[in-house]
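# Geometric and topological summary
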Amino acid sequence: MADDGRTWKAEKIVTDIAHQFLSIYGHFYQPPRDDPFTGLIPREAGAAPFENYNEKITRECYRPNAEAGNLARISFDLGPTLAAWLERHHPDVYQAFLAADRENLTRFGVGNALAQAYNHTILPLATTRDKRTQIRWGLDDFAHRFGHKADGMWLAETAVDQETLSILVEEGVRYTVLAPWQAAEPITPGEPYLVALPGGRSITVFFYHGSLSAGVSFDDDVTSNADQFVATHLRQQLDQGKVERGDDQLIIVATDGELYGHHKPLRDHFLTYLLRDSAPAQGFSVTTLARYLKGRPPQRTVTLRMPSAWSCSHGVARWDTGCDCTEGDSSWKHALRVALNRLAVRLDTLYAEATATTLRDPWAARDTWLAVRSGWVSGRSFWAQYGVHGHRPLRRARAEATEQLLEAQYYGQSMFTSCGFFFEDLERIEPQNDIAFARRAISLAWQATHIDLQTEFLADLAAARSWRTGRTGANLYRDLPAVRENMLPPVTAALSTAASADETAA
Ligand SMILES: [Zn+2]
């Protein structure tokens, strides 16, 4: 889309003289919204006149930012579940994200896109094996789409613990982005730091500018005028010592990408004007994290508060036990997490046992399964690599059952999508979607093995209760669209009665 050679030239001139750099970071992400049985997105009333929120946000944010050429001038991650949707429904907008990264790679030798852990899972709350799968899937997805390996990875909610960082490094990731309050000691935002990890390894982290990013996110006045934004808000952030010494310094504004045009109307225009005109005109060179890092390896080390995240001040309690970051009684969060964790253990045990005679290494096979179900790797080469009999095909029914269990693993990952825990109440579409993914996993396991994982899951879900409506996770499960009779284990009469009584009590 738009490529303005004139402003790139202007930027080159500024880069040669500037010591002040600006990098805008956009986290572009939407959870999967489709019914996992039909693949269709139910009409979302709140998005009217659009069919669903993805369509609304595309019109308000993704498309205008793509058409204005903003994407090439920022650092960004494009969540895999959003990328897959855009690729199908708005291929021209999808291509603009890829082209932005390609343009950076060509001009500067480094792309401006980062990968994202696949299902937007809160990794500190995931098992070691799930962390690795999430990171590998995210990196695979990135490499397939962008055509090169990712240097950086965005962590969902910037949620971090030491094991997550170690796995990032083992998988070849060089840097990530964190909130300034995730440092355990005073830091200078914008400056790259090294975090030491066990085994003599380390990873680079950038801390974004906290109050500035919050202002951009939540205060309309901050972004009402790009010239004023640079003159007041950006200038305020400068370290005067560095200015006097002529040292380089970087200001990082990190927010959801959807802010520019969707959460905040017209801010796509603000972004265009800021990046193209206001910042360069006032002596700021617009850059990306990868470009800044290229000539400036980290000089200092930092220790982190772990686990921690950008949108919770209680470690990662917002997605686990609940905390007062969200209003009301958030104890449903822990009950939902326990229900999902217990289902995951049962799914994993079933998968490992049932595939012991069909797959050589079921967990490595799971890591590759994303590529098969996405069509990047053929089933034939998957079976050649992971089948216990190598290229010799299994009986069809056994191969099918194994593939159903691999799909159950896929939905067993999807059910931990962090959006289900982010908001205040259980009776919302986001937790219900996680429960719908869990039901899909239960269905696939049932079809493959005729083992019922539903009964115990429903019993666990009954402990998660909406403080608004009094209804439980089991009620939400029962509200999901009906599926063909043989797709799920039969709901036992006892449970059915218990769930109804539960509803009546509410
Ligand atoms: Zn919190």
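Residues numbered from 1 in each chain as written. Predicted model: local features only at pLDDT ≥ 70, side-chain atom pairs only at ≥ 80, totals over all residues. Heavy atoms only, no water.

Okay, the layout of surface pockets next. Rolled over the atoms, a probe as big as a water molecule pinpoints where empty space is left. Counted as a void, the largest pocket has a volume near 1300 Å³. Asp256, His263, Cys419, Phe422 and Phe423 are, among the 46 residues lining the largest pocket, the residues nearest its centre. Breaking the lining of the largest pocket down by element, the ones donating at least two residues are helix H2 (53-67), helix H7 (210-218), strand E8 (249-256), helix H16 (419-422) and helix H17 (429-449). Take the lining of the largest pocket: its biggest share by element is 6 residues, from H17. A class-by-class count of the residues in the lining of the largest pocket yields 21 nonpolar, 13 polar and 12 charged. Considering only enclosed or pocket space, the second largest pocket measures out at about 800 Å³ in volume. What lines the second largest pocket is a set of 33 residues, and nearest its centre among them are Asp34, Thr81, Ala84, Trp85 and Arg88. (1 Å grid on protein atoms, 1.4 Å probe; cavity = no way out; pocket = protein on both sides within 12 Å on 5 of 7 lines; lining within 4 Å. Points joined across faces, edges and corners; volume = space filled by probe spheres on them. Helix = DSSP H or I, 4+ residues; strand = E, 2+ residues; numbered from the N terminus. Nonpolar A, V, L, I, M, F, W, Y, C, P; charged D, E, K, R; others polar.)

In total, this model carries 4 cavities of 30 Å³ or more according to the counting rule given. Roughly 70 Å³ of volume is contained in the largest cavity. In terms of lining, the largest cavity is formed by Pro31, Pro32, Arg33, Glu44, Thr417, Cys419, Gly420, Ile429, Glu430, Asn433, Asp434 and Phe437. Where the lining of the largest cavity is concerned, the elements lending two or more residues are H16 and H17. Per-element tally for the lining of the largest cavity: the top contributor is H17, with 5 residues. Taken together, the residues of the lining of the largest cavity sort by class into 5 nonpolar, 3 polar and 4 charged.

It is worth spelling out the packing of aromatic side chains at this point. For any two aromatic rings, the description comes down to two numbers: the centre-to-centre distance and the angle of the planes. Here the structure, examined in full by the defined rule, presents 26 aromatic pairs. Note on tyrosine 118 and tyrosine 410: the rings are 6.2 Å apart at their centroids and 70 degrees apart in plane angle, and the pair reads as edge-to-face. Residue tyrosine 118 is found in the loop between strand E3 (113-116) and helix H5 (128-146), and its partner tyrosine 410 is found in helix H15 (residues 396-414); the two are separated by 292 residues along the sequence. For the pair tyrosine 118 and tyrosine 410, one class covers both residues: buried. Aromatic side chains tryptophan 154 and tryptophan 310 sit 5.1 Å apart centroid to centroid with 75 degrees between the ring planes, which places their arrangement in the edge-to-face category. Of this pair, tryptophan 154 sits in strand E4 (residues 153-154) while tryptophan 310 sits in the loop between strand E10 (300-301) and helix H12 (331-354), placing them 156 residues apart in sequence. Accessibility classification places tryptophan 154 together with tryptophan 310 in one group, the buried group. (Phe/Tyr/Trp six-rings, centres within 6.5 Å; stacked < 30°, edge-to-face > 60°. Buried < 20%, exposed > 50% of the residue type's maximum accessible area, 1.4 Å probe, protein only.)

Within the protein, Cys312 (SG), His314 (ND1), Cys323 (SG) and Cys325 (SG) serve as the donor atoms for the zinc ion, at 2.1 to 2.4 Å. When the donors of the zinc ion are listed by position in the chain, the intervening gaps give C-x1-H-x8-C-x1-C. In this pair, histidine 314 sits in the loop between E10 and H12 while cysteine 325 sits in the loop between E10 and H12, placing the two residues 11 residues apart along the sequence. Overall, the relative accessible area of 32% leaves histidine 314 in the partly exposed class. The exposure class of cysteine 325 is partly exposed, given its relative accessible area of 28%. (Donors = N, O, S within 2.8 Å, 3.2 Å for Na, K, Ca; no water.)

Let's shift gears to helix H10 (residues 267-281). Along an α-helix, a turn takes 3.6 residues, which lines up residues three or four apart on a common side. The axis of H10 is deflected most strongly, by about 50 degrees, at leucine 274. Buried within H10 are the following residues: Arg267, Asp268, Phe270, Leu271, Thr272, Leu274, Leu275, Ser278, Ala279 and Pro280. (Bend = angle between axes of the 7 residues up to and from the residue.)

The next thing to look at is the pattern of salt bridges. Enumeration over the complete set of coordinates arrives at 34 salt bridges. Between aspartate 277 and arginine 276 there is a salt bridge, with its nearest N and O atoms 2.9 Å apart. One salt bridge in this structure joins arginine 428 and glutamate 424, with 3.4 Å as the shortest N-O distance. Shared partners join several salt bridges into a network, and the residues in it are Arg132, Arg136, Glu170, Glu171 and Asp367. (Salt bridge = Lys/Arg side-chain N within 4 Å of Asp/Glu carboxyl O.)

The subject of this paragraph is the environment of threonine 355. Along the chain, threonine 355 turns up in the loop between H12 and helix H13 (362-373). Relative accessible area serves as the criterion here: at 0%, threonine 355 is assigned to the buried category. In this structure, the C-alpha to C-alpha distance between threonine 355 and alanine 401, residues 46 residues apart in sequence, is 8.8 Å. Leave out the neighbours within four places in its chain, and threonine 355 touches Pro362, Thr402 and Leu405. (Contact = heavy atoms within 4.5 Å.)

This part takes up the sheet that holds strand E6 (residues 192-197). Judged by pairing direction, the sheet is mixed, and its 4 strands sit side by side in the order E5-E7-E6-E10 without closing on themselves. The sheet terminates laterally at strand E5 (175-178) and E10, the two strands that pair on one side only. Strand direction decides the pairing type here: E6 and strand E7 (residues 201-207), joined by 6 bridges, are antiparallel. Considered in E7, the bridge of leucine 197 is made with arginine 201. Of the strands in this sheet, E5, E6 and E7 are in contact with helix H6 (residues 162-170), which crosses E7 at around 110 degrees. (Pairing = 2+ DSSP bridges. Axes fitted to C-alpha atoms, helices over the stretch in contact; angles between N-to-C directions.)

So, about the packing of H12 against H17. With their axes 11 Å apart at the nearest point, H12 and H17 run at an angle of 20 degrees to one another. The orientation of H12 relative to H17 falls into the category roughly parallel. Handedness of the H12/H17 crossing: left-handed. Here Trp332, Leu336, Leu340, Leu343, Leu347, Leu350 and Ala354 of H12 lie close against H17, whose contacting residues are Pro431, Ile435, Ala438, Ala441, Ile442, Ala445 and Thr449. Taken together, the residues that form the contact of H12 with H17 break down as 13 nonpolar, 1 polar and no charged. (Parallel < 35°, antiparallel > 145°, perpendicular 65-115°, else oblique. Left-handed = near helix turned anticlockwise from the far one by under 90°.)

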